[in-house]
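Structural characterization, general
So the chains spell out like this:
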Amino acid sequence: MKKKVLYIGNQQTQSSKATLTTIDTLSKNLKGEGFHVISASGKKNKILRLLDMLFTVLINRKNTVSVLIDTYSTQNFWYAVAVGNLCRLLHLPYIPILHGGNLPERLQKNPFQSKKFFHGAKACVAPSHYLLNAFKEQGYTNVVFIPNSIEIDKYPLKKRESILPKLLWVRSFAEIYNPLLALKVIERVIEIYPMATLCMVGPDKDGSLQLCKAYAQRKKLPVMFTGKLPKEEWLQLSQSYDIFINTTLFDNTPVSVIEAMALGLPVISSKVGGIPYLLEHKENALLVASNDQEAFVEAIIFLCYHTSEVKAITKNARTKVEQFDWQKVKQHWLTLLGE
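The notes below deal with the structure included here. The shown structure was predicted, so the numbers you read here are calculated from the model rather than taken from an experiment. (Residues numbered from 1 in each chain as written. Predicted model: local features only at pLDDT ≥ 70, side-chain atom pairs only at ≥ 80, totals over all residues. Heavy atoms only, no water.)

This next bit is on the overall build of the protein. Looking only at helices and strands, the protein has 14 helices and twelve strands in total. The C-alpha extent of the protein, read off along each of the three principal axes, is 60 × 40 × 35 Å. Within the protein, buried positions represent 54% of all 339 residues. Long-range contacts, defined as pairs at least 24 residues apart, comprise 74% of the intrachain contacts of the protein with a sequence gap of at least 6. Just so you have it, the protein exposes about 15300 Å², and 53% of that area is on carbon and sulfur atoms. (Helix = DSSP H or I, 4+ residues; strand = E, 2+ residues; numbered from the N terminus. Buried < 20%, exposed > 50% of the residue type's maximum accessible area, 1.4 Å probe, protein only. Contact = heavy atoms within 4.5 Å. Areas by Shrake-Rupley, 256 points an atom, 1.4 Å probe, with all protein chains shown as cover.)

Right under this line is the structure:
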């Protein structure tokens, strides 16, 4: 009989306003390893979504070995707390998967709810050493490190012999990811390299996409907005670009950055949250100060002029993310779910 696992999170990928998240990829991978995975919820209405999450746990509690709970730092934190409360009531083992780059602040802001939720878990899974350390510093001893995984063979490595300022940005359009900065960067870069271009891939989350489109149109910037793309399409699109920029204001361990590293794209990222635990400056990426337009521009110029540095950075980046391949990561999950 297959072991039954419940996976509770925001399963919104059927919407044009969502991208693949861990609930989609990890569920698929666990099913491939022989688990019976039941997930929720894809309801768009927030109240109905919460009710669906709770109802899914309630009716599927029998023979469930663990309940995985995607745990973010913003409003969705309260979904996780509610599901955790129900799991404790039903004596179901649950495992929060820590995603929110701002979760350390949530521990400070809501200490009572945090302690009850996280201390009551079978284990907490941190996909970054940033969150692992932050939770340990707050006295949590049940935290384990399991990185976000990719299937490395699906990411063709392109070795770029020369670098042009052809910039790629992949993320949901949300204020927290600072997409407007990418436009300000290309606005400055074209003053130096008139042939520079920017492609921004991702769906709108909070109205930021329209703001960015309006800014690009007003400034007559060479920017292409693709909207949400299937993974295969943006991976193919990436072959036409030379530099990946990550402009986020808060972050944990973004899968899009891991994917860029796997593809051989040199990454420039703001140095925030868990990013310095994933990327090392001039070792496997370039790190710059948060929300610093000129720092991004200088990093782009550096890459364009230092091909040998790019080769070393991208080689090191690919070597690092090969450790995130599902074939290596899965053993951690099999051990945790088998305990």
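Let us look at helix 1 (residues 22-32). Taken residue by residue, helix 1 has Thr22, Ile23, Asp24, Leu26, Ser27, Asn29 and Leu30 as its buried positions. In this structure, the buried residues of helix 1 make contact with strand 1 (4-8), strand 2 (36-40), strand 3 (64-71), strand 4 (94-98) and helix 14 (326-338). After helix 1 finishes, the residue glycine 34 shows a positive phi value of roughly 100°.

What follows deals with the packing of helix 3 (residues 77-89) against helix 5 (residues 111-119). At a closest axis distance of 9 Å, the pairing of helix 3 and helix 5 adopts a crossing angle of 55°. The angle between the axes of helix 3 and helix 5 places the two elements in the oblique class. Once helix 3 is placed against helix 5, the crossing between them reads as left-handed. Along its contact with helix 3, which presents Phe77, Trp78, Ala80, Val81, Gly84, Asn85 and Arg88, the element helix 5 presents Gln113, Ser114, Lys116, Phe117 and Phe118. For the contact of helix 3 with helix 5, the residue count by class is six nonpolar, four polar and two charged. (Axes fitted to C-alpha atoms, helices over the stretch in contact; angles between N-to-C directions. Parallel < 35°, antiparallel > 145°, perpendicular 65-115°, else oblique. Left-handed = near helix turned anticlockwise from the far one by under 90°. Nonpolar A, V, L, I, M, F, W, Y, C, P; charged D, E, K, R; others polar.)

What follows covers the sheet that holds strand 12 (residues 286-288). Spatial ordering of the open sheet is given by 9-8-7-10-11-12, a layout of six strands whose pairing is parallel. The open sheet has two edge strands, strand 9 (223-227) and strand 12, and neither has a second partner. Strand-to-strand twist across the sheet, computed as the mean angle between neighbouring axes with direction ignored, equals 20°. Where strand 10 (residues 243-246) lies against strand 11 (residues 267-270), three bridges are found, and the strand directions are parallel. Across the sheet, the residue bridging to asparagine 246 is serine 269, located in strand 11. (Pairing = 2+ DSSP bridges.)

The next point concerns the pairing of strand 3. Where burial is concerned, most of strand 3 is hidden: seven out of the eight residues are buried. Two elements, strand 1 and strand 3, share five bridges in a ladder whose sense is parallel. Each residue of the ladder has a partner; that of tyrosine 7, found in strand 3, is leucine 68. When strand 3 meets strand 4, the two strands line up parallel, connected through five bridges. Among the inter-strand pairings, isoleucine 69 is bridged to a residue of strand 4, identified as proline 96. As a crossover connection, the stretch from strand 3 through helix 3 into strand 4 is right-handed. (Right-handed = clockwise from strand over helix to strand, strands pointing away.)

What follows concerns the packing of aromatic side chains. By the definition in use, this model includes ten aromatic pairs. Geometrically, the ring pair formed by phenylalanine 117 and phenylalanine 118 is tilted, given 4.8 Å between the ring centres and 55° between the ring planes. Exposure remark for phenylalanine 118: the relative accessible area of 0% places this residue in the buried category. With a centroid separation of 5.4 Å and an interplanar angle of 50°, the aromatic rings of phenylalanine 135 and tyrosine 140 are classed as tilted. (Phe/Tyr/Trp six-rings, centres within 6.5 Å; stacked < 30°, edge-to-face > 60°.)

What follows concerns a nonpolar patch on the surface. On the surface, Ile47, Leu48 and Leu51 cluster together into a nonpolar patch covering about 310 Å² of accessible area. Tracing the sequence through the fold places isoleucine 47 in helix 2 (residues 46-59). A relative accessible area of 60% places isoleucine 47 in the exposed class. (Patch = residues over 30% accessible without salt bridge, like charges linked within 9 Å, V, L, I, M, F, W, Y side chains within 5 Å. Salt bridge = Lys/Arg side-chain N within 4 Å of Asp/Glu carboxyl O.)

This paragraph deals with the nonpolar core. In terms of nonpolar packing, the biggest core is built from 37 residues, with Leu183, Leu198, Ile243, Ile245 and Ile268 touching the most fellow members. Only strand 7 (166-170), helix 7 (179-192), strand 8 (197-201), helix 8 (208-219), strand 10, strand 12, helix 12 (293-305) and helix 13 (307-321) provide two or more residues apiece to this core. The biggest single contributor to this core is helix 12, with eight residues. With residues near it in sequence (within four places) discarded, leucine 183 still touches Leu198, Met200, Cys212, Tyr215, Ala216, Leu221, Val223 and Phe225. One finds Ile8, Ala40, Tyr79 and Leu132 within the second-largest nonpolar core, a separate group that totals 31 residues. (Core = buried A, V, L, I, M, F, W, Y, C linked by side-chain atoms within 4.5 Å.)

Distances and angles like these do not, on their own, reveal function.
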